[in-house]
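Residue-level structural notes
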Amino acid sequence: MGSSASKLLIGVNLKMYMNREQTLSWLDAAVTELQNIKDNNIELFLLPSPPLISECLERTSGSLFAIGAQNISEYDSGAFTGEISPQLLTQMGCEYALVGHHERRALFGENDDVISQKIAASSRNNLIPIVCIGELSTEEKEAQTEVRIQITTALEEQKHLKKLVIAYEPTWAIGAEQPASSEHINRMCSLIRTELEELKIKNFQIIYGGSAGEGLFEMISQTCDGLFLGRRSHDPQTFISIVQECISIKAANQ
Ligand code: PGA
């Protein structure tokens, strides 16, 4: 199982949920609590709303948190009004870029071609791409086909991938009452692992997102390297208890 070799990875996508004060007080509370965690087998990233990236970078300096962008342009620089330059993000100190979230596909018209170009732009600028992969279908066979196609179109042309994160998020589990079933997550994450190995991609982690929260990681830790959190992490205390829970499960698996 590749998952025991990789570090535990927990990411938080704040979307546009929190205002400035809420974001910074969430971050201050989380950073304070994280000082008590002495584990060098964990990586954490936070994806704040773009206008707050700079302040979040300042407040997380020296902490376990890396900062990333929820979206990037496929272009490094130039006449692209309103776009987020991956080059500038790297210069600021960001380490991750989320690419192809379902909301970008469904609400902002991103297609496989743009997503593939954005993955290339992340790697070219030394940002680790967090590539969202997830089916629309609730039927198992169709879901597998959708996920295979998404992986191949997103990744087969990538020449300069040094490191990759796959956020597996079935679209119907995003913003839902419950995450996908652990059986489904385990089957799909195993399939994703096989696909990545077939593409000869070596340095990757797979995390699960879509209503992820407390109590889930225990059931999927054999196939996933961590969690991609949304609403269930909005209370900083809950976020810390999810982190502690994942650390103990990962340690027990080793
Ligand atoms: P959710 O969001 O956990 O609030 O469903 C997950 C995501 O969209 O990344």
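Just so it is clear, the structure is predicted and the values come from calculations on it, not from any experiment.

1. As for the pairing of strand 3 (residues 65–69)
- In terms of residue burial, strand 3 counts as a mostly covered element, since five of its five residues are buried.
- Burial along strand 3 is two-sided: the face carrying F65, I67 and A69 and the face carrying A66 and G68 are both buried.
- The sheet contact formed by strand 2 (residues 42–47) and strand 3 spans three bridges and is parallel. The partner of F45 across the bridge, within strand 3, is A66.

2. Overview of the pairing of strand 5 (residues 128–133)
- Counting buried residues in strand 5 gives six out of six residues, a clear majority hidden from the surface.
- Residues I128, I130 and C132 point to one face of strand 5 and P129, V131 and I133 to the other, with burial holding for every one of them.
- As paired strands, strand 5 and strand 6 (residues 164–168) are joined by four bridges and run parallel to one another. Looking at strand 6, one finds that V131 is bridged to I166.

Cut-offs used in this document
- Residues numbered from 1 in each chain as written.
- Predicted model: local features only at pLDDT ≥ 70, side-chain atom pairs only at ≥ 80, totals over all residues.
- Heavy atoms only, no water.
- Buried < 20%, exposed > 50% of the residue type's maximum accessible area, 1.4 Å probe, protein only.
- Helix = DSSP H or I, 4+ residues; strand = E, 2+ residues; numbered from the N terminus.
- Pairing = 2+ DSSP bridges.

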